[in-house]
Amino acid sequence: MKNLILTLSIFCSTFVFAQKNENYIEIGYSSICCGTPSTDPVINYINQFQKKNKTKPFEILQQQGLGREGEFNLYISISQLSQSQKSNFVKGLQSAISSQNIKRKENSDGTVNFQETKMVTKGDLAKIKNLIIYKNNSKLK
């Protein structure tokens, strides 16, 4: 009887701890006429932040098929960051995206959209279609 209770309690605690509340930030890549902008500025910023702060690798997911010109969203997990790291990460990411949008050609280059207050949960992601693990030609370190 004790073994059954012990086994059951271990199973239940494992199940509870596996159900982490993971939060993601959403970055949208839209097109005006000639395809979407590059993800390189965002990925470069993530790599720099990760190296500087010695954080665990970021989980990045991509939702494809949002438009005829290749529009897509990236979802970046920030649950592994402390509160101050989250704040610094979001500020730096906003800066990298703003810089990319300022440098674009207005009549042909698409835009990168980011709302720093919008959080997406893992439960929300489970409902999204066309979601894959993001892979880029430049390796995430």
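Residues numbered from 1 in each chain as written. Predicted model: local features only at pLDDT ≥ 70, side-chain atom pairs only at ≥ 80, totals over all residues. Heavy atoms only, no water.

### With respect to the overall build of the protein
In step 1: From N to C terminus, the protein includes 4 helices and 5 strands.
In step 2: For the protein, the α and β elements follow one another from N to C terminus as α-β-α-β-β-α-β-α-β.
In step 3: The 141 residues of the protein split such that 34% are buried.
In step 4: For the protein, the accessible surface area stands at approximately 9,500 Å², while carbon and sulfur atoms represent 54% of it. (Helix = DSSP H or I, 4+ residues; strand = E, 2+ residues; numbered from the N terminus. Buried < 20%, exposed > 50% of the residue type's maximum accessible area, 1.4 Å probe, protein only. Areas by Shrake-Rupley, 256 points an atom, 1.4 Å probe, with all protein chains shown as cover.)

### Description of the state of the cysteines
Here is the idea: a disulfide is a covalent bond, and it sits between the sulfur atoms of two cysteines.
In step 1: If you walk through the whole model with that rule in mind, you get 1 disulfide.
In step 2: Across the disulfide, C33 is cross-linked to C34 (sulfur-sulfur distance 2.4 Å). The chirality of the disulfide connecting C33 with C34 is left-handed, given an S-S dihedral of about -60°.
In step 3: Take C33: its relative accessible area is 38%, and that puts it in the partly exposed class. (Disulfide = S-S within 2.5 Å.)

### Some details on the nonpolar core
In step 1: Counting residues in each nonpolar core, the largest one holds 23 residues, and the members touching the most others are I27, I76, F89 and L93.
In step 2: Breaking this core down by element, the ones donating at least two residues are strand 1 (23–30), helix 2 (40–53), strand 3 (72–77), helix 3 (83–103) and strand 4 (111–121).
In step 3: Those residues in contact with F89 that sit more than four places away from it in its chain are I25, Y45, I46, F49, F58, I76, I78 and L81.
In step 4: Membership of the second largest hydrophobic core comes to 5 residues, among which are Y24, L61, V120 and L125. (Core = buried A, V, L, I, M, F, W, Y, C linked by side-chain atoms within 4.5 Å. Contact = heavy atoms within 4.5 Å.)

### Details of the side chain of T39
In step 1: Inspection of the secondary structure assignment puts T39 in the loop between strand 1 and helix 2.
In step 2: Looking at T39, the relative accessible area reads 9%, which means it is buried.
In step 3: A polar side-chain atom of T39 sits 2.6 Å from a polar atom in the side chain of Y134. (Polar contact = N/O pair within 3.5 Å; in protein donor to acceptor, adjacent residues only side chain to side chain.)

Structural measurements only, silent on function.
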